[in-house]
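Results of the structural survey
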Amino acid sequence: MVISIPIGLMCAVYLVEYANRSKLATTISLLVDVMSGIPSIVAGLFAFSMFTILLGPVYQRFEGSVALSLLMLPTVVKSSEEMLKIVPNDLREASLALGVTKQRTITKIVLRTALPGIVSGAILAIARVIGETAPLLMTAGTLSIPM
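Residues numbered from 1 in each chain as written. Predicted model: local features only at pLDDT ≥ 70, side-chain atom pairs only at ≥ 80, totals over all residues. Heavy atoms only, no water.

Some details on a nonpolar patch on the surface
Test applied: Without a salt bridge and with relative accessible area above 30%, a residue can belong to a patch; like charges are then joined within 9 Å and nonpolar side chains (Val, Leu, Ile, Met, Phe, Trp, Tyr) within 5 Å. Only the protein chains shown count as cover for residues, and the accessible areas themselves come from Shrake-Rupley with a 1.4 Å probe. When a carboxyl oxygen of Asp or Glu is within 4 Å of a side-chain nitrogen of Lys or Arg, the pair counts as a salt bridge. What counts as a helix is a DSSP run of H or I of at least four residues, what counts as a strand is a run of E of at least two, and both are numbered from the N terminus.
Taken together, Val2, Ile3, Ile7, Met10 and Phe62 make up a surface patch of nonpolar side chains, about 490 Å² in accessible area. Looking at the element boundaries, isoleucine 7 is found in helix H1 (residues 4-18).

Let's talk about unusual backbone geometry
Defined as follows: Accessible area is worked out with a 1.4 Å probe on protein chains only. A residue is then buried under 20% of its type maximum, exposed over 50%, and partly exposed in between.
The backbone of arginine 21 shows a phi angle near 55°, a positive value even though the residue is not glycine. Judged by its relative accessible area of 83%, arginine 21 is exposed.

Re the side chain of serine 79
Selection criterion: Polar contacts here mean pairs of N or O atoms no more than 3.5 Å apart (in protein, one a potential hydrogen donor and the other a potential acceptor; neighbouring residues in sequence count only if both atoms are side-chain atoms).
The residue serine 79 is located in helix H4 (residues 60-86) in this model. Given a relative accessible area of 18%, serine 79 falls into the buried group. Within the local environment of serine 79, its side chain forms a polar contact with the backbone oxygen of threonine 75, the two atoms lying 2.9 Å apart.

Side note on the pattern of salt bridges
Counting across every chain of the model gives 5 salt bridges. Across the salt bridge formed by glutamate 81 and lysine 85, the nearest N and O atoms sit 3.7 Å from each other. Here glutamate 81 and its partner lysine 85 are both found in helix H4, 4 residues apart, which amounts to about one turn of the helix. What makes lysine 85 partly exposed here is its relative accessible area of 49%. One salt bridge in this structure joins lysine 85 and glutamate 82, with 3.9 Å as the shortest N-O distance. Of the two residues, lysine 85 and glutamate 82 are both situated in helix H4; the distance of 3 residues between them amounts to about one turn of the helix. On the basis of relative accessibility, which here comes to 41%, the residue glutamate 82 falls in the partly exposed class. Several salt bridges share partner residues, and in doing so they unite Asp33, Lys78, Glu81, Glu82 and Lys85 into one network.

So, the environment of isoleucine 118
For the record, the criterion: Any pair of residues with heavy atoms lying within 4.5 Å of one another is described as a contacting pair.
Mapping isoleucine 118 onto the fold places it in helix H6 (residues 102-130). Between the alpha carbons of isoleucine 118 and lysine 78 there is a distance of 9.8 Å; along the sequence they are 40 residues apart. Beyond its immediate chain neighbours, meaning those up to four positions away, isoleucine 118 contacts Leu9, Ser80, Met83, Leu84 and Leu111.

So, the confidence of the model for the protein chain
The line we're drawing: Confidence of the predictor in every single residue is expressed as pLDDT, which spans 0 to 100.
Here the protein chain averages 87 in pLDDT, and 90% of its residues register 70 or above. The least confident element of the protein chain is helix H7 (residues 134-140), whose mean pLDDT is 70; the most confident is H1, at 95.

Take a look at the structure:
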C-alpha cells in the first residue's frame, strides 16, 4: 500500500488534470493497461530477478512487497482516474474563479470530492493483492532460516 497508492494516485491526477493527450499520458495509460494483465507469477519473477541481479539475495523481504505493488498499481490508477473524471468541472472552475491555484484546487476540491471512490478503489486493489500468493512464494520461498 505504501508503494502503490501514492504512485497510483499521482499517475491518476496527472492523467486527468495535467495531461492533454500528450505522448507521456498515452504511454502511461498504455503501460497501466498492459500491467493490469500481467500474471502474478511474472510479477514475482520480475521482482526476484531485479533484486537478485542488482543487489544480491539480501532484500528478499522487500522483493515480495515490490511484486505485490506491481500487481496493485493498475487497479489503483484506473479506479482513481475514473473517480477524478466524475468530479464536475463546475467545482474546478468555481475554485479557479475565486483565485485558487490549480494545485490547491486539486488537493482541496477535486481529491476531497473523489476521496470515497479512491478509498474504495484502494480497498479493491488490496483485496486483489491479498489473494495473490505466487509472488510471495517466488520471492520468500528461497529464504533460508538459520537453525
